[in-house]
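What follows is each chain in one-letter form.
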Amino acid sequence: MTFKKGYGCAFGGGTIINAIAAWKGCAYATQLKTYAEVCLSDAPTCSVSGSIYENPTADTRLIELCVQSVLDLFDCPAEATVLTKSEIPIAGGLKSSSAAANATLIATLDALGEKLSADEIVQLGVKAAKEAGVTITGAYDDACASFYGGVAVTDNKTMELLQRDEFHYNVLILNPETKAFSAETNVSRSVLMKDLVETAFEIALTGDYKKAMKLNGLIYCGALGFDPAPAVACMEIGEKFDVAAGLSGTGPSFTALLPCSDLLSKDEQKELQTAVLKIKQIWAAQFPGGKIYETKTCNLNALDESRRFSKYMKNGNRDLKEFNFAFND
Ligand SMILES: Nc1ncnc2c1ncn2[C@@H]1O[C@H](COP(=O)(O)OP(=O)(O)OP(=O)(O)O)[C@@H](O)[C@H]1O
Ligand SMILES: O=C(O)C1=C[C@@H](O)[C@@H](O)[C@H](O)C1
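Just so we're clear, the structure is a prediction, and the values are computed from it rather than from any experiment.

Scoring rules and cut-offs
Residues numbered from 1 in each chain as written. Chains lettered and ligands numbered in written order. Predicted model: local features only at pLDDT ≥ 70, side-chain atom pairs only at ≥ 80, totals over all residues. Helix = DSSP H or I, 4+ residues; strand = E, 2+ residues; numbered from the N terminus. Rg over C-alpha atoms; globule rule 2.2 N^0.38 Å. Buried ≥ 20, exposed ≤ 12 C-beta atoms within 10 Å, placed from the backbone. Near = placed C-beta within 6 Å. Nonpolar A, V, L, I, M, F, W, Y, C, P; charged D, E, K, R; others polar. Pairing = 2+ DSSP bridges. UniProt positions renumbered as here; feature names shortened; annotations may be inferred. Contact = placed C-beta atoms within 7 Å. Axes fitted to C-alpha atoms, helices over the stretch in contact; angles between N-to-C directions. Core = buried A, V, L, I, M, F, W, Y, C linked by C-beta atoms within 7 Å. Parallel < 35°, antiparallel > 145°, perpendicular 65-115°, else oblique. Left-handed = near helix turned anticlockwise from the far one by under 90°.

Looking now at the overall build of the protein. Helix and strand counts for the protein come out as 10 helices and 10 strands. Relative to the 2.2 N^0.38 estimate, which gives 20 Å for 329 residues, the radius of gyration of the protein is 19 Å and therefore close to what a compact globule would have. Over its C-alpha atoms, taken along the principal directions, the protein stretches across nearly 60 × 45 × 35 Å. Within the protein, the proportion of its 329 residues that are buried is 53%.

Residues in close proximity to ligand 1 total 26 residues, the closest being Ser96, Ser97, Ala100, Ser182 and Gly249. Here the residues of the shell around ligand 1 are counted per class, giving 11 nonpolar, 12 polar and three charged.

Close to ligand 2 lie 14 residues; Ala19, Gly25, Thr135, Thr137 and Gly249 are nearest. Grouping the amino acids of the shell around ligand 2 by side-chain chemistry returns four nonpolar, eight polar and two charged.

So, on to the pairing of strand β8 (residues 244-247). In the sheet, β8 pairs with strand β9 (residues 254-258) via four bridges, with the strands oriented antiparallel. Note that in β9 the partner of leucine 247 across the bridge is phenylalanine 254. Linkage of β8 to β9, two consecutive antiparallel strands, is achieved through a turn of six residues, within which glycine 249 is found at a positive phi near 55°.

Here we come to unusual backbone geometry. For the bond from glycine 251 to proline 252, the omega torsion is 0°, close enough to zero to count as cis. With respect to the secondary-structure elements, proline 252 resides in the loop between β8 and β9. Phi at glutamate 54 takes a positive value of approximately 55°, unusual for a residue other than glycine. Relative to the helices and strands, glutamate 54 resides in the loop between β3 (47-52) and α1 (61-73).

For the rest of this paragraph, the subject is the pairing of strand β7 (residues 170-175). Of all six residues that make up β7, five are buried, and the element is covered over most of its length. One ladder, built from five bridges, connects β7 with β9; its direction is antiparallel. Its bridge partner lying in β9, leucine 174 is registered against phenylalanine 254.

Moving on, we come to the UniProt feature "binding site: ATP" (unreviewed entry) in the protein. Sites flagged by UniProt as "binding site: ATP" (unreviewed entry) map to Pro89, Ile90, Ala91, Gly92, Gly93, Leu94, Lys95, Ser96, Ser97, Ser98 and Ala99. Among the structural elements, serine 96 can be located in helix α2 (residues 96-112). According to the C-beta neighbour criterion, serine 96 is buried, with 28 such atoms within 10 Å. Residues in contact with serine 96, not counting those within four places in the same chain, are Gly12, Thr34, Ser86, Ile88, Pro89, Ile90 and Ala91. Residue position: serine 97 is located in helix α2. For serine 97, a count of 30 C-beta atoms within 10 Å corresponds to the buried category. Dropping the residues within four chain positions of it, serine 97 is found in contact with Leu62, Ala129, Val134 and Thr135.

This part takes up the UniProt feature "domain: GHMP kinase N-terminal" (unreviewed entry) in the protein. In this numbering, the UniProt entry assigns the feature "domain: GHMP kinase N-terminal" (unreviewed entry) to residues 70-150. Spanning residues 70-150, this segment combines 56% helix with 11% strand, and its end C-alpha atoms are found 26 Å apart.

Our next topic: the sheet that holds strand β10 (residues 291-296). Ordered by their spatial adjacency, four strands build an open sheet running β8-β9-β7-β10, and the pairing between neighbours is antiparallel. Looking at the sheet topology across the chains shown, the edges are occupied by β8 and β10. Across this sheet, the average inter-strand angle for adjacent strands is 15°, counted without regard to direction. The strands touched by helix α8 (residues 229-237) are β7, β8 and β9; relative to β8, the strand with the most contacts, the crossing angle is about 175°.

Let us look at the nonpolar core. Counting residues in hydrophobic clusters, the biggest one holds 107 residues, and the most contacted among them are Ile16, Ala204, Ala212 and Ala256. Ignoring anything within four residues of it in the chain, the contact list for alanine 212 reads Ile16, Ile17, Cys26, Ala200, Ile203 and Ala204.

Packed helix pairs are characterised by how far apart their axes lie and by the angle those axes make with each other. Packing of α2 against helix α10 (residues 302-315) leaves a shortest axis separation of 11 Å and a crossing angle of 55°. When the axis of α2 is compared with that of α10, the two are oblique. Considering only the axes of α2 and α10, their crossing is right-handed. Counted together, Asn102, Ile106 and Asp110 of α2 and Ala302, Leu303, Ser306 and Ser310 of α10 form the full contact between these two elements. Broken down by class, the residue content of the contact of α2 with α10 amounts to three nonpolar, three polar and one charged.

See below:
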């Protein structure tokens with residue numbers, strides 16, 4: 001009997017345009033990651049068992065389907081286990097499902113020693129997400145951002161990547177305590193806003209992602225009944241730095257794009273720090289049980305990052321359960 005292990009990771013993200021109203025969407029990657037470990041043992045038929053680190057009640061069907069789809073594709077029946085460990089809160093609007101699917105698919109390929117093209121992997125993840133029932137449109141926009149990094153503009157119906165740009169910002173995230181599963185979102189109320197969302201999408205296509213994000217956030221707050229106050233407060237405090245903020249995905253999280261410090265003078269850096277502190281105080285007062293993340297946009301490719309991660313895990317004979325979210329070459 002042979003035993004094989006594989007590793008993968010992929011990025012979380014934020015929303016510029018939620019695709020649920022008009023099928024066309026836009027998302028960007030953050031440096032928050034999900035890591036996956038897949039173990040395979042030879043077996044005459046397939047059985048896949050998934051678990052999510054420190055989250056025994058979360059739904060593991062998506063990651064199990066991802067492993068199964070790769071085993072089926074290469075006709076490799078196996079007894080498989082998959083474990084994910086993540087920095088991304090589940091059902092927060094921060095692309096946890098796309099990151100989990102991409103990381104798991106890459107880890108399964110790594111365990112088998114097989115390769116697929118980037119888009120084949122992304123499409124398998126979207127297919128699994130639809131089958132698991134965790135998405136409305138398939139969220140190809142989120143899956144592309146999570147895999148390719150940067151900002152991705154997509155048509156989720158035809159699964160076309162229409163535009164990809166590098167994206168350089170500091171990102172501030174407010175993740176309220178509550179969850180909002182994409183599958184349970186109010187689609188009909190979102191679709192009511194289709195024409196407005198299409199206008200925001202056109203703006204995204206011109207590359208004015210911040211304006212598109214602000215507009216999208218207000219539209220979906222209206223449709224889904226979220227108070228836009230966290231985004232407005234953030235933009236008011238960050239006005240000097242042209243901060244853009246908006247609802248991410250189907251909520252409840254808000255993300256804000258702030259300039260990278262290396263583009264600012266020393267005085268401006270101090271001013272920005274003060275603004276960030278104020279935003280965090282206001283958000284903490286608005287959502288006492290919520291979590292605030294300070295991260296950056298990410299322009300790396302998940303496959304490249306996964307290779308580095310796999311090498312680190314395998315060379316050190318490490319175990320994902322003990323992994324502490326830091327690795328170097
Ligand atoms: N770390 C993880 N490991 C395994 N499955 C996960 C993980 N994170 C999310 N999922 C799956 O994704 C589902 C949540 O998907 P959902 O689309 O509602 O949230 P999201 O991706 O965080 O939000 P959004 O799509 O709005 O950004 C979970 O129920 C679970 O099935
Ligand atoms: O489930 C879906 O189809 C989606 C959910 C959200 O993340 C959106 O931001 C995304 O554009 C589409």
